[in-house]
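# Summary of the model geometry
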Amino acid sequence: MAEEVSNKQIVLKNYVKGFPKESDIILKTSITKLKVPDDSNDAVLVKNLYLSLARVLDSSHPNFKTGDLIWGFTGWEEYSLIKSTKGVFKIQHTNVPLSYYTGILGMPGMTAYAGFYELCLPKKGETVFVSAASGAVGQLVGQFAKLMGCYVVGSAGNKDKVDLLKKKFGFDDAFNYKEESDLNATLKRYFPNGIDIYFENVGGKMLDAVLLNMNLHGRIAVCGMISQYNLEEPEGVQNLFCLITKQIRMEGFLVFDYYHLYPKFLETVLPLIEEGKITYVEDIAEGLESGPSALIGLFSGRNVGKQVVVVARE
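This one's a predicted model, so the numbers in the text were calculated from it and none came from an experiment.

To continue, consider the packing of helix H1 (residues 107-119) against helix H2 (residues 138-147). It is the contact of H1 with H2, at a shortest axis distance of 9 Å, that shows an interaxial angle of 45°. Regarding the angle of H1 to H2, the classification is oblique. In this structure, H1 meets H2 at a crossing whose hand is right-handed. Residue-level inspection shows Pro 108, Gly 109, Ala 112, Tyr 113, Phe 116 and Tyr 117 of H1 in contact with H2, the latter providing Leu 140, Val 141, Phe 144 and Ala 145. Along the lines of polarity and charge, the residues of the contact of H1 with H2 split into nine nonpolar, one polar and no charged.

Written out as structure tokens, the structure is:
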């Protein structure tokens, strides 16, 4: 008989309309067997240490052994049965903080890398604008751009985040979008010669203003549109004609299509971390119970840097 344990889980109580509230989310306890099913050949049973990072307790896949550390899609719970290992990666390098695999060395890091290098195709001396620039992805895009020799400006939602962009992450400049009444004029002020690359994280009015300020043959990597996710009626974009007149390439992407580049990504980023050429800021919430509050805080910009939720301290 496989050992059974109680398993705390965070589940949705209701289908969420508009912005999520803590009352939409509940904590429940179930019973989990600490063994993968006998009929499986591609499953792992894990103990979650962080949301999206875990230690393997049992495995039916030859590439994953008990004790291995992995990152990828796990559940909002203490223990998860992952029925396919397609979406998880074994952690080989443990000379960096383990939590980095939820961020800079995990999905957000790969998102920044793929979106910036593969879609934006940056060249030295180009101008780069990053929205939601202090978040898990934006802070890395800005640093990658600086390492390429680009001029980089970021937007964020409060003074502390703006200071962080300039003083910690090395952005050339940054502004608080909440203090700007005319985003078109703001971007003209920060980019008098126009924008070559826009890394899009917010959508809405910011995207509209950026389109007016893009240069000929500019590139826009559409990573996210957090201003639009929970609106009953998404805001329209008025200036799409600029895509034609300025011959702009605007492309959406999902990081999963670029996971084949993960080994190359590690070869690039691990030395940058070790040499102190790139830095990363995390906002750590302790305990699975803190997950709902941490999630809801993302939509109001409460987090500073990558939001990390610790499930279990080993």
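Another aspect to go through is the pairing of strand E4 (residues 53-59). Pairing geometry for strand E3 (residues 44-50) and E4, over six bridges, is antiparallel. Following the sheet pairing, Lys 47 is matched in E4 by Arg 55. Where E4 and strand E5 (residues 69-72) come together, three bridges link them in antiparallel fashion. Looking across to E5, one finds that Leu 53 is bridged to Trp 71.

In this section: the sheet that holds strand E8 (residues 127-130). With parallel pairing, six strands are arranged side by side in an open sheet as E10-E9-E8-E11-E12-E13. Unpaired on one side and paired on the other, strand E10 (173-176) and strand E13 (249-252) mark the two borders of the sheet. Strand-to-strand twist across the sheet, computed as the mean angle between neighbouring axes with direction ignored, equals 15°. Where strand E9 (residues 151-156) and E10 come together, four bridges link them in parallel fashion. Looking at the pairing, Ala 156 lines up with Asn 176 of E10.

As far as domains go, the protein holds domain 1 (4-101) and domain 2 (107-256). If you look at the interface, domain 1 gives six residues, while domain 2 gives four residues. The junction of domain 1 with domain 2 conceals about 450 Å² of combined surface from both sides, 64% of it contributed by carbon and sulfur atoms. Summed over the three residues of domain 1 that lose the most area to domain 2, namely Gly 18, Phe 19 and Trp 71, the buried surface amounts to 68% of that side.

With that out of the way, let us pick up the pattern of salt bridges. Overall, the coordinates contain 13 salt bridges when judged by the stated rule. One salt bridge connects Asp 68 with Lys 90, and the closest N-O pair in it is separated by 3.5 Å. On the criterion of sequence distance, the pair formed by Asp 68 in the loop between E4 and E5 and Lys 90 in strand E7 (residues 88-90) is long-range, its members being 22 residues apart. Residue classification places Asp 68 among the buried residues on the basis of a relative accessible area of 17%.

Among the residues of helix H3 (residues 159-167), those classed as buried are Lys 161, Val 162, Asp 163, Leu 164 and Leu 165. In the core, the buried residues of H3 are packed alongside E9 and E10. Its side-chain oxygen placed 3.1 Å from the backbone nitrogen of Asp 160, Asn 158 serves as the N-cap of H3.

All right, on to the side chain of Asp 208 then. Here Asp 208 is to be found in helix H5 (residues 204-213). No salt bridge is formed by the buried Asp 208, whose closest oppositely charged neighbour, Lys 205, lies at an N-O distance of 8.5 Å.

This next bit is on the UniProt feature "domain: Enoyl reductase (ER)" (unreviewed entry) in the protein. UniProt marks residues 29-309 with the feature "domain: Enoyl reductase (ER)" (unreviewed entry), using the numbering shown here. The annotated region residues 29-309 carries 27% helix and 26% strand content, and the separation between its end C-alpha atoms amounts to 18 Å.

Rules and cut-offs
- Note on numbering: residues in each chain are counted from 1, in written sequence order.
- Where totals are concerned, whole chains, interfaces and linings use all residues; where local detail is concerned, this predicted model gives features only for residues with pLDDT of at least 70, and gives and counts side-chain atom pairs only at 80 or more.
- Here the side-chain values reflect all heavy atoms present in the structure, with hydrogen atoms and water set aside.
- Only C-alpha atoms enter the line fits that serve as axes; for helices the fit covers just the stretch in contact. Angles between N-to-C directions range over 0 to 180 degrees.
- A run of H or I in DSSP becomes a helix once it reaches four residues, and a run of E becomes a strand once it reaches two; helices and strands are each numbered from the N terminus.
- Any angle that falls under 35 degrees is termed roughly parallel, while one over 145 is termed roughly antiparallel, one within 65 to 115 roughly perpendicular, and all others oblique.
- Crossing chirality is assigned from the near helix's rotation relative to the far helix, an anticlockwise turn below a right angle marking it left-handed and a clockwise turn marking it right-handed.
- The contact criterion used is simple: two residues touch if any of their non-hydrogen atoms lie within 4.5 Å.
- Under the convention adopted here, Pro, Cys and the residues Ala, Val, Leu, Ile, Met, Phe, Trp and Tyr are nonpolar, Asp, Glu, Lys and Arg are charged, and Gly plus all remaining residues are polar.
- Any two strands with at least two DSSP-identified bridges between them are counted as paired.
- What fixes the domain bounds is an automatic or database domain assignment.
- Put simply, buried area is how much 1.4 Å-probe accessible surface two parts lose in total, over both of them, once they are put together.
- For this document, the term salt bridge refers to a Lys or Arg side-chain nitrogen within 4 Å of an Asp or Glu carboxyl oxygen.
- Each residue is placed in one exposure class: buried if its accessible area under a 1.4 Å probe, protein chains only, is under 20% of its type's maximum, exposed if it is over 50%, and partly exposed if it falls in between.
- Contacts described as polar in this section are N or O atom pairs within 3.5 Å, which, within protein, must combine one atom able to donate a hydrogen with one able to accept it, while residues neighboring in sequence count only if both atoms come from side chains.
- When charges are counted, Lys and Arg contribute as positive and Asp and Glu as negative, whereas His and the chain ends are disregarded.
- UniProt positions are given in the numbering used here, feature names are shortened, and annotations may be inferred rather than shown by experiment.

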